[in-house]
Amino acid sequence: MESQRLTRRRALQILAALTVGPAAACGPGPEPDDDPWTLPAELPKVAGGTDADDVRALMDVLLPAETDAEGRLLSPGAGDVYAFSILQLDHYIPLAQGQGLLPPLPDTLLGDAMALDAFLVSGLAGELNRWAADLRPFSRFADLSAADQITLVDDAFDDPERRPVVEFVRGVCFLAYLGAVKNDKGLVEVGYPPFENFDDGLAVSGYPRTPQGRLIDAETEDLTELAALGQLDDYTYNLNPPPPADDLSSLLTPGGDLL
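Computed from a predicted model, the values in this text were never measured in an experiment. (Residues numbered from 1 in each chain as written. Predicted model: local features only at pLDDT ≥ 70, side-chain atom pairs only at ≥ 80, totals over all residues. Heavy atoms only, no water.)

## Points about a nonpolar patch on the surface
Part 1 of the reasoning: Among the surface-exposed residues, Phe174, Leu178, Val190 and Tyr192 lie close enough to one another that they form a single nonpolar patch of about 390 Å² accessible area.
Part 2 of the reasoning: With respect to the element layout, leucine 178 can be found in helix α7 (residues 163–178).
Part 3 of the reasoning: For leucine 178, a relative accessible area of 41% puts it in the partly exposed group. (Patch = residues over 30% accessible without salt bridge, like charges linked within 9 Å, V, L, I, M, F, W, Y side chains within 5 Å. Areas by Shrake-Rupley, 256 points an atom, 1.4 Å probe, with all protein chains shown as cover. Salt bridge = Lys/Arg side-chain N within 4 Å of Asp/Glu carboxyl O. Helix = DSSP H or I, 4+ residues; strand = E, 2+ residues; numbered from the N terminus. Buried < 20%, exposed > 50% of the residue type's maximum accessible area, 1.4 Å probe, protein only.)

Okay, here's the thing in structure tokens:
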């Protein structure tokens, strides 16, 4: 199917089908009108912004960065993990499938998705600017106040026709944030240690190790002593597991084997 023949309905159905996370199981998608997926008529050319600006603005609403009063970054957002860079479907789909977040796609859906890829950013921006024009005529989404942007996004999550746009873009943001696609800032923020060498794709050489990354030989070094000195980074913590909350005595031996 040629990209220019894709209807708005089909485009939104594709986004719904490609959404990762809980929303991915929400059915085949919405049934909006078959309008072409383009900028609304009242916004043929609006100076001062680009389609990419509008999509990045949506990403900033969905996954905002947090800064202090001096502007220092406290918590990374979508821009800090370069979420926009994985928005191309020929990049996004293999990444999501490699993470186990998307199943193999039917050939028809995959073909339509690749057709959509050519105008994905402009199509997303067109949708966002439809919403913006309804709220503030002759405005782009990126030019709205933060409060207005948040209002539109909140409303979109409650609207079955608009929801695929925000759910799909949110999935892209969190794939970049937690998938360590461009950097490991998102993983570090949620508590994982930094990659030992991100450029080489090396997260960790192994455990147990010191907090500085030196591997420890558990056969020749005293793990208890190292732990007391604060020099043991062992993801198992070298501890016995806690007893189960349920009584499993009728199922397991004292050593933990099945009876």
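## So, the packing of aromatic side chains
Part 1 of the reasoning: Counted according to the given criterion, the structure contains three aromatic pairs.
Part 2 of the reasoning: Seen from their ring centres, phenylalanine 174 and tyrosine 177 are 6.2 Å apart, and the 70° between their planes marks the pair as edge-to-face. Residue phenylalanine 174 and its partner tyrosine 177 are located together in helix α7, separated by three residues, close to a single helical turn.
Part 3 of the reasoning: Take phenylalanine 174: its relative accessible area is 35%, and that puts it in the partly exposed class.
Part 4 of the reasoning: Under the relative-accessibility criterion, tyrosine 177 is labelled buried at 7%.
Part 5 of the reasoning: Judged by centre distance (5.1 Å) and plane angle (55°), the ring pair of phenylalanine 195 and phenylalanine 198 falls under tilted.
Part 6 of the reasoning: What makes phenylalanine 198 partly exposed here is its relative accessible area of 25%.
Part 7 of the reasoning: Directly above the ring of phenylalanine 84 sits arginine 56, whose terminal nitrogen or CZ lies 4.0 Å from the centroid. (Phe/Tyr/Trp six-rings, centres within 6.5 Å; stacked < 30°, edge-to-face > 60°. Lys NZ or Arg CZ within 6 Å of the ring centre and 35° of its normal.)

## Details of the environment of aspartate 159
Part 1 of the reasoning: Within the element layout of this structure, aspartate 159 appears in the loop between α6 (146–157) and α7.
Part 2 of the reasoning: At 2.9 Å, the side chain of aspartate 159 and the backbone nitrogen of glutamate 161 are in polar contact. (Polar contact = N/O pair within 3.5 Å; in protein donor to acceptor, adjacent residues only side chain to side chain.)

## A few points about the pattern of salt bridges
Part 1 of the reasoning: Inspection of the entire model under this criterion finds 12 salt bridges.
Part 2 of the reasoning: The partner of glutamate 70 in a salt bridge is arginine 72, and the shortest N-O contact between them spans 3.3 Å. Accessibility classification places glutamate 70 together with arginine 72 in one group, the exposed group.
Part 3 of the reasoning: The salt bridge involving glutamate 221 is made with arginine 214; its shortest N-O contact spans 3.1 Å.
Part 4 of the reasoning: Residue class for glutamate 221 comes out partly exposed when judged on its relative accessible area of 25%.
Part 5 of the reasoning: Here the residues in one salt-bridge network are Asp51, Asp54 and Arg140, joined through shared partners.

## Examining α7
Part 1 of the reasoning: The terminal C-alpha atoms of α7 lie 22 Å apart, and with 16 residues this matches the ideal 22 Å at 1.5 Å per residue to within 8%.
Part 2 of the reasoning: Within α7, 12 of the 16 residues are buried, which leaves the element mostly enclosed by the surrounding structure.
Part 3 of the reasoning: Burial in α7 covers these residues: Pro164, Val165, Val166, Glu167, Phe168, Val169, Gly171, Val172, Cys173, Leu175, Ala176 and Tyr177. (Expected span 1.5 Å × (residues − 1).)

Treat this as a map of the structure, not an account of what it does.
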